[in-house]
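Letter by letter, the chains look like this.
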Amino acid sequence: DHESMNCDMSQMMAVWIQNKLKSTEFPEVRGGVDIGIGTVNYVISNMQVVQCSMSGQSMEFKQGTGVSVEVSQLSLAITGSWATQFGIIHDGGSFDLAVYNININTLLGLGDEAGRLSITTISCSDDIGGVHIQFHGGASFFFEPFVSTFQGKISEMIHVRICPAIQQAISKLEMNLQKMPVSIPVDQYIYLSILFTSSPAVTDRSIELDIKGEFYSKSFPSEAPFSASAFDIKYAENYMLSLAASEFFVNSAAYAYLSSEVLQINITDNMIPKSFPFHLNTSQFGVFIPQLRTLYPNMEMQVLLYASKTPLFSFSSGVIDFQLPGAAKFSVVKPDGTLVPLFRLDVVSFVFGYTKLCKTKTNKQKGKRNSHTLTIGDFKTAMLEQMLVIAVNRFVLPKLNDYLKTGFLLPTLHNFSLINSKLLIKNGFVVIFTDVEDSWAVSTKT
């Protein structure tokens, strides 16, 4: 539910704050204590946070602004070294410091900066409930009368560093966000462009991010010849995050591959099993086109099978439909290896299947030839069209299925992973409902 979602997110933010405090550097503390017969100079150094714990945290969405994170009853365990000098007398040892009942309240603003997510610290406040210090080694008992003085100094030193440490971490996060590439390489052929179309919409229950994601060809980048349709996803009460992708997003990848001229395959006779009843040579093709036997006797043939138009995916309730407009160019392979173009044949193939998260499995395959019949001379090529459909099913669809079975990496942020994920196929888009796990924290089930 909503409260569980906020609980999980606040726990992640709390853990993140803890880790930032653990890495906070503390300067040396120097001073002097008048003991009546002179001044004992002291140095407290090597202070390091060795433990950080808390018993309360909460997070709230602030409508139109961002998020408010509150951490309560935070405790720090700090170790360090002490050293004293009184004339020629030197002494030293270690100390344990406990800082407890620290409360932190931070308001973070979310925005859009040049198409990238922007995050800023609007306000930060903190207070410290108490400090306890214990010295060890040397003449540590000497410090007991002055413990209250040390506690006050150290308490103030920690107080003035908590919010700056958080603000510095947020500023570093903001710098990293602005350095994140908006063009992400996918493979050697295409890349993905991701840009925010508006600032995050923050309500009292959620944050909504609108992003334009489009794939482009690296070699021939151009806008897809189709437009994106508006779609809306319902708020998922039992999940922390909802990710949705439209048909446009997926089809832009298909167009990018088409523009890269990689959606093609050369089929040669040596790719056809010997047991297959039909082979790519002019002797057998002479059954359909007798001229071949006369013009090019006993020569091998080659078929260039390619996408003639952009393959299109369409999403309907629970099903993905895939339309592949294909064409084939038949050629004769002369003894010197040169190709003699013969004719072109068009075919349309459909794939119907269901999708699973991070892995696509085609449950059914079906090739369907179109209604056109090409004629060369007096010979119709209906049987050739059927053979081409067989070639699509034998050579193209297995490659497509193998590619889809490898799945795809879902977008994630550094140190975060997606868990308890569920994918649904809706009309016009697919949506993933998921929880988010911080690698520093123990997973919490909602």
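Residues numbered from 1 in each chain as written. Predicted model: local features only at pLDDT ≥ 70, side-chain atom pairs only at ≥ 80, totals over all residues. Heavy atoms only, no water.

> An account of the overall build of the chain is needed here, citing residue identities and associated values.
Across its full length, the chain carries 6 helices and 22 strands. Within the chain, buried positions represent 40% of all 446 residues. By element, 54% of the accessible surface of the chain is carried by carbon and sulfur atoms, the whole surface being about 24,100 Å². (Helix = DSSP H or I, 4+ residues; strand = E, 2+ residues; numbered from the N terminus. Buried < 20%, exposed > 50% of the residue type's maximum accessible area, 1.4 Å probe, protein only. Areas by Shrake-Rupley, 256 points an atom, 1.4 Å probe, with all protein chains shown as cover.)

> Describe the nonpolar core, and please don't skip the residues or the numbers.
Counting residues in each nonpolar core, the largest one holds 42 residues, and the members touching the most others are Ile78, Leu97, Val99 and Ile158. Within the residue set of this core, elements represented by two or more residues are β1 (29-34), β2 (39-53), β3 (56-62), β4 (66-86), β5 (89-113), β6 (116-136) and α2 (147-179). Counting residues per element, this core draws most heavily on α2, at 10 residues. With sequence-adjacent residues up to four places away left out, Ile158 is seen in contact with Phe26, Leu76, Ile78, Leu97, Val99 and Ile128. (Core = buried A, V, L, I, M, F, W, Y, C linked by side-chain atoms within 4.5 Å. Contact = heavy atoms within 4.5 Å.)

> Can you break down the side chain of Ser68 residue by residue, with the values?
Looking at the element boundaries, Ser68 is found in strand β4. The class of Ser68 is buried, set by a relative accessible area of 13%. When sequence neighbours within four positions are dropped, the list of residues in contact with Ser68 reads Ser58, Met59, Glu60, Lys62, Asn105, Thr106 and Leu107.

> An account of the pattern of salt bridges is needed here, citing residue identities and associated values.
If you walk through the whole model with that rule in mind, you get 4 salt bridges. In this structure, the salt-bridge partner of Glu28 is Arg30, at a minimum N-O distance of 3.0 Å. Assessed through its relative accessible area of 45%, Glu28 is described here as partly exposed. In this structure Arg30 comes out as exposed when scored by relative accessible area, which is 60%. The salt bridge partner of Glu223 is Lys212, with a shortest N-O separation of 4.0 Å. (Salt bridge = Lys/Arg side-chain N within 4 Å of Asp/Glu carboxyl O.)

> Can you explain the state of the cysteines? Please cite residues and give values.
Summed over all chains, the structure comprises 1 disulfide. Each sulfur of the disulfide joining Cys124 and Cys163 lies 2.2 Å from the other. A torsion of -85° about the S-S bond marks the disulfide between Cys124 and Cys163 as left-handed. Of the two residues, Cys124 sits in strand β6 while Cys163 sits in helix α2, which places them 39 residues apart along the sequence. Here Cys124 and Cys163 have matching classes, each one buried. (Disulfide = S-S within 2.5 Å.)

> Please provide a residue-by-residue account of the environment of Ile89, values included.
You can see Ile89 is positioned in strand β5. Taking the C-alpha atoms as reference, Ile89 lies 9.6 Å from Val40; in sequence the two are 49 residues apart.

> Tell me about the packing of aromatic side chains, and name the residues and values.
This structure, assessed with the given rule, holds 11 aromatic pairs. Here Phe231 and Phe429 contribute two aromatic rings whose centre-to-centre distance is 4.8 Å and whose plane-to-plane angle is 25°, an arrangement assigned as stacked. Taken together, the residues Phe231 in the loop between β11 (211-217) and β12 (241-246) and Phe429 in strand β22 (residues 429-438) connect sequence positions 198 residues apart. On the basis of relative accessible area, Phe231 is assigned to the partly exposed category, the value being 36%. (Phe/Tyr/Trp six-rings, centres within 6.5 Å; stacked < 30°, edge-to-face > 60°.)

> Now, about the confidence of the model for the chain: what can you tell me, with residues and values included?
Summary statistics for the chain give a mean pLDDT of 77 and a share of 79% for residues scoring 70 or more. For the chain, per-element mean pLDDT is lowest for strand β18 (residues 359-368), which scores 35, and highest for helix α3 (residues 247-259), which scores 93. Counted against residues more than four places away or in other chains, residues 1-8, with its pLDDT under 50, gives 18 contacts. In this model, residues 440-446 is a region of pLDDT below 50 whose contacts with residues beyond four sequence positions or in other chains number 13 contacts. (pLDDT = per-residue confidence, 0-100.)

> I'd love a proper account of the environment of Leu324, names of residues and values included.
Within the secondary structure, Leu324 sits in strand β16 (residues 319-333). A sequence separation of 11 residues divides Leu324 from Phe313, and the C-alpha atoms of the two residues are 8.9 Å apart.

> So what about the sheet that holds strand β7 (residues 183-185)? Which residues, and what values?
Taken together, 3 strands build an open sheet; the order of strands is β7-β8-β11 and the sheet is antiparallel. Strands at the two margins of the open sheet, each flanked by one partner only, are β7 and β11. Direction aside, the axes of adjacent strands within the sheet are offset by 25° on average. Where β7 lies against strand β8 (residues 190-196), 3 bridges are found, and the strand directions are antiparallel. Opposite Ile184, over in β8, you have Leu192 as the bridge partner. Of the strands in this sheet, β8 and β11 touch α3, which is tilted by about 15° from β11. (Pairing = 2+ DSSP bridges. Axes fitted to C-alpha atoms, helices over the stretch in contact; angles between N-to-C directions.)

> Which residues make up unusual backbone geometry, and what values go with them?
One non-glycine residue, Gln73, lies in positive phi territory at about 55°. In this fold, Gln73 is placed in strand β4. One non-glycine residue with positive phi stands out, namely Ala114, at about 55°. The residue Ala114 is located in the loop between β5 and β6 in this model.

> Outline the environment of Gln48, listing residues and values.
Topologically, Gln48 is positioned in strand β2. Along the backbone, Gln48 and Ile78 are 30 residues apart, and their C-alpha atoms lie at a distance of 5.4 Å. Here Gln48 is in contact with Ala77, Ile78 and Thr79, once residues within four sequence places are set aside.

> Just give me the short version of the pairing of β2, but keep the residues and values in it.
Where β1 and β2 come together, 6 bridges link them in antiparallel fashion. Paired with Asp34 across the bridge in β2 is Thr39. Here 10 bridges tie β2 to β4, and the two strands are oriented antiparallel to one another. Residue pairing for β4: Tyr42 is matched across the bridge by Thr84.

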